[in-house]
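Coordinates in review
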Number of protein chains: 2
Amino acid sequence: MNSIISYYTTRFGELWDKSLGDLANEAFKGVLQNAALQKENIDAIFVGNMLAGVVEDRLLLSAFLAQLFDTNVPIYRVEGACASGGLAFQMANQYLRSNKNSTVLVLGVEKMTDVSGPDITKALATAASFDEQVAGLTFPGVYALIAQYYLNKYRYTESNLAAISVKNHIHATYNKEAHFRRSVTIDNVLESSYIAYPLKVLDSSPISDGAAALILTNRPDLIKKSKSAHILASETATDTISLSKREAIDTLKATVISGKKAFSCAGISQKEINLMEVHDCFTIAEILALEDLGFWEKGQGGHMAKDMVTHRDSGNNLIVNTSGGLKAAGHPVGGTGVKQIGEVYLQLTQQAGARQVKQHNFGLAHNVGGSGGVAVVTILGV
Amino acid sequence: MNSIISYYTTRFGELWDKSLGDLANEAFKGVLQNAALQKENIDAIFVGNMLAGVVEDRLLLSAFLAQLFDTNVPIYRVEGACASGGLAFQMANQYLRSNKNSTVLVLGVEKMTDVSGPDITKALATAASFDEQVAGLTFPGVYALIAQYYLNKYRYTESNLAAISVKNHIHATYNKEAHFRRSVTIDNVLESSYIAYPLKVLDSSPISDGAAALILTNRPDLIKKSKSAHILASETATDTISLSKREAIDTLKATVISGKKAFSCAGISQKEINLMEVHDCFTIAEILALEDLGFWEKGQGGHMAKDMVTHRDSGNNLIVNTSGGLKAAGHPVGGTGVKQIGEVYLQLTQQAGARQVKQHNFGLAHNVGGSGGVAVVTILGV
């Protein structure tokens with residue numbers, strides 16, 4: 001069975017002194033070292049990156065990395081906006097399913113802070129549809145429309161959303177690679193500036209630099225000698241790029257479909273998952289994720305969020321975003337999907353250090369591109 | 001065994017009245033119709049595209065296409081510069097190797113003529129290394145350095161290169177989808193304007209719009225009822241992005257490695273290949289391809305080119321670029337790798353119409369990204 005045997009992440013944050021190459025190289029070397037492997041042991045590399053072509057004139061990242069890593073193996077660059085990392089992992093898992101005795105490396109990397117705020121916002125908006133771009137909608141605006149709809153429909157207030165941010169910021173205080181390692185209060189969130197009503201600065205994930213890498217293998221000898229987690233499922237689905245073309249805007253159909261496929265493939269149910277990293281690019285997105293993945297009834301998420309039932313110290317059986325999520329651990333877009341799976345791997349294999357929660361057997365990672373145009377759901381087991 | 005069962009290509013050219021979506025949609029519908037399949041028969045879509053993010057602010061092409069095609073299946077966008085199409089095919093073949101009874105669609109698409117000449121040249125140069133970009137080197141310049149080196153080393157003249165262009169233009173006269181359907185003479189090529197010495201306008205592939213699509217399956221029932229070609233091998237390798245970091249600049253190591261792997265995987269030798277589409281982005285590149293793939297000794301290609309030994313009417317056993325190649329059939333970058341494989345498929349299955357050559361059993365397609373930072377070699381058989 002395909003297994004993860006190593007993980008490494010750089011710090012996430014505004015890393016002014018690191019280039020895309022520096023970040024990629026640190027993650028590449030780190031993940032090999034953690035596995036006690038050499039680059040010669042790697043048969044192929046899958047790279048998730050969204051923006052290098054747009055913000056730093058760098059396409060053909062595969063050859064750039066081949067030179068940096070001094071290798072001639074196949075390197076695949078996959079782009080699916082903020083799901084680029086999850087997709088790279090999903091393809092790597094496919095690759096292993098058709099190549100016995102193989103070992104592959106998945107790298108997610110993004111360098112976002114070398115351009116201005118407006119420029120990076122515009123670059124991110126290239127993952128929106130043209131009707132949205134032309135209307136001046138950037139991603140905070142798109143998710144704000146979803147949040148308005150959700151709050152109105154189920155009669156919640158902004159404080160229901162704010163609780164997601166508070167929980168994830170608390171989780172991030174345990175994570176030394178997190179972009180933000182400080183807790184915030186409900187009042188802090190509610191008093192922060194509006195970006196697009198009802199979403200405020202503290203409802204939003206930051207613009208981060210960072211890279212994360214995983215090593216996957218189906219070689220029994222490597223699995224045996226490593227702290228390993230099995231890949232029970234990694235599934236993806238697509239949906240319309242335009243919010244306006246959806247049947248319902250408070251459901252991400254790509255999440256629903258990929259989640260169902262992943263649970264079916266893994267042969268387990270929601271009840272058996274105790275640990276998840278979900279795509280909380282904005283606070284509303286974490287609520288939708290739990291609903292769309294079948295953990296909560298539609299409309300129930302606002303209550304659950306406010307009660308912080310997925311807090312690490314809640315005593316409940318489902319903990320969400322132990323890393324701090326995109327919100328507080330940071331969101332270097334190509335890196336995020338890889339980090340999410342890495343966090344689940346660390347927790348399941350009891351390597352999560354200060355943020356380790358109790359032993360669990362199954363974990364899930366959920367990565368979204370755009371406003372839900374693509375989603376990837378991965379389930380790991382030990 | 002994985003097989004190709006359908007192919008469709010749009011016209012290649014300056015298609016002012018067609019958008020990227022129009023081209024993608026035409027190829028998608030055309031390839032389904034040629035296979036007498038519905039979109040519901042397709043399990044996943046692999047898309048090769050280089051430039052949509054850079055030239056038209058369109059990332060997350062997967063969701064854009066999901067909306068256009070009205071589907072929720074997995075869609076993977078792969079970027080490897082001018083090898084994007086070949087890589088999408090290579091990944092689709094991997095997918096089928098790990099998914100029984102599946103059918104996938106490969107789409108290569110590029111819309112290049114909506115921006116100015118200098119802008120598209122700059123966009124293409126994002127696949128070069130930073131040292132080359134900073135030095136003002138665009139791809140004609142990079143290949144010109146290779147051509148200068150080659151001509152000097154083996155004591156050839158520009159007319160040796162020109163013969164490649166003449167042959168490919170003749171081949172394109174048989175191809176109704178070609179960007180250029182007129183023949184040129186050696187003198188025409190030699191008298192055309194220099195782009196970067198020794199390469200001239202008529203040594204260079206054009207800036208084209210276009211899309212091409214293939215359907216691949218491992219379902220025996222679909223293979224049986226279709227004109228099908230088996231995928232004997234599809235392999236890729238990487239190399240340095242910078243020309244200056246190579247051991248030799250007249251050898252594309254990525255071609256050498258992927259070629260060797262493909263022949264080994266297919267279990268046949270060069271002698272058994274009678275039909276090839278190779279990556280002639282510039283005339284020199286076709287010569288290097290034949291040498292690097294082991295058909296000609298290094299340095300011999302100049303003579304072979306001048307004698308037009310791979311011309312369709314040469315009476316020899318190896319015909320190269322029956323489509324007209326990138327040079328004359330056109331080079332919509334994401335579309336090229338898919339079109340190359342499609343051309344080999346049509347020829348092997350006797351569906352090539354006016355440009356049909358005699359019956360052959362094996363064919364090869366060779367697709368390159370950048371100045372050789374990545375290459376894909378695919379071998380088909382009937």
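Scroll up to find the structure this text is about.
Residues numbered from 1 in each chain as written. Chains lettered and ligands numbered in written order. Predicted model: local features only at pLDDT ≥ 70, side-chain atom pairs only at ≥ 80, totals over all residues. Heavy atoms only, no water.

1. Remarks on the overall build of chain A
Secondary structure summary: chain A contains 15 helices and 12 strands in total. Compactness check: chain A gives a C-alpha radius of gyration of 19 Å against a globular reference of 21 Å for 382 residues, within 12% of the reference. Its C-alpha atoms put chain A at 55 × 45 × 40 Å along the principal axes. The 382 residues of chain A split such that 69% are buried. Looking at chain A alone, contacts between residues at least 24 apart form 78% of all its contacts between residues at least 6 apart. Surface summary for chain A: the accessible area is close to 12400 Å², and the carbon and sulfur share equals 50%. Seen as two clouds, the 34 positive and the 36 negative side-chain charges of chain A have centres 5 Å apart. (Helix = DSSP H or I, 4+ residues; strand = E, 2+ residues; numbered from the N terminus. Rg over C-alpha atoms; globule rule 2.2 N^0.38 Å. Buried < 20%, exposed > 50% of the residue type's maximum accessible area, 1.4 Å probe, protein only. Contact = heavy atoms within 4.5 Å. Areas by Shrake-Rupley, 256 points an atom, 1.4 Å probe, with all protein chains shown as cover. Lys, Arg positive; Asp, Glu negative; His and termini not counted. Charge placed at Lys NZ, Arg CZ, Asp CG, Glu CD.)

2. Describing the relation of the copies chain B and chain A
Under the fitted operation, chain B is carried onto chain A by 0.0 Å of movement along the axis and a turn of 180°, and the coordinates agree to an RMSD of 0.0 Å. Expressed as an axis order, the relation between the two copies is that of a two-fold axis. A shared interface surface links the copies, since 100% of the contact residues of chain B are contact residues in chain A too. (Least-squares fit on C-alpha atoms with pLDDT ≥ 70 in both.)

3. Side note on unusual backbone geometry
Cis geometry is found at the peptide bond from A:Tyr197 to A:Pro198, where omega equals 5°. With respect to the secondary-structure elements, A:Pro198 resides in the loop between strand 5 (194-196) and strand 6 (199-200). Non-glycine residue A:Asn321 carries a positive phi angle of around 60°. Positionally, A:Asn321 belongs in the loop between strand 10 (319-320) and helix 14 (325-329). Since its relative accessible area comes to 0%, A:Asn321 is described here as buried. In this model, B:Asp70 sits at a positive phi of 55°, which is unusual for a non-glycine residue. Note on placement: B:Asp70 falls in the loop between helix 3 (61-69) and strand 3 (75-78). For B:Asp70, a relative accessible area of 57% puts it in the exposed group.

4. Notes on helix 15 (residues 333-348) of chain B
In an α-helix, one turn spans 3.6 residues, which is why side chains three or four residues apart end up on the same side. Residue and element names in this part refer to chain B. Here helix 15 is 16 residues long and its end C-alpha atoms lie 24 Å apart, about the 22 Å a rise of 1.5 Å per residue gives. Helix 15 sits mainly inside the fold: 16 of its 16 residues count as buried. Two residues or fewer after helix 15 comes Gln350, characterised by a positive phi angle close to 60°. (Expected span 1.5 Å × (residues − 1).)

5. A closer look at the nonpolar core
Core analysis: the biggest nonpolar cluster contains 214 residues, and A:Tyr143 and B:Tyr143 have the highest contact counts within it. Excluding anything up to four places from it in sequence, B:Tyr143 contacts B:Leu199, B:Leu252, B:Cys281, B:Phe282, B:Ile284, B:Ala285, B:Val368, B:Gly370, B:Ser371 and B:Gly372. With 21 residues, the next largest nonpolar core counts B:Phe263, B:Val278, B:Leu318 and B:Phe362 among its residues. (Core = buried A, V, L, I, M, F, W, Y, C linked by side-chain atoms within 4.5 Å.)

6. Topic: the pairing of strand 11 (residues 362-369) of chain A
All names here are of chain A. Taken across its 8 residues, strand 11 has 8 buried, putting it largely inside the fold. Neither face of strand 11 is left uncovered, since the one carrying Phe362, Leu364, His366 and Val368 and the one carrying Gly363, Ala365, Asn367 and Gly369 both have all their residues buried. Where strand 9 (residues 275-277) and strand 11 come together, 3 bridges link them in parallel fashion. Opposite Leu275, over in strand 11, you have Gly363 as the bridge partner. The sheet contact formed by strand 11 and strand 12 (residues 374-381) spans 8 bridges and is antiparallel. Of the residues in strand 12, the one forming a bridge with Leu364 is Ile379. (Pairing = 2+ DSSP bridges.)

7. Brief notes about the pattern of salt bridges
Taken as a whole and assessed by the stated rule, the structure comprises 42 salt bridges over all chains. B:Lys18 is the partner of B:Glu26 in a salt bridge, and the nearest nitrogen-oxygen pair spans 3.4 Å. When its relative accessible area of 23% is taken as the criterion, B:Glu26 is described as partly exposed. Through salt bridges with shared partners, one network takes in A:Lys111, A:Asp114 and A:Asp209. (Salt bridge = Lys/Arg side-chain N within 4 Å of Asp/Glu carboxyl O.)

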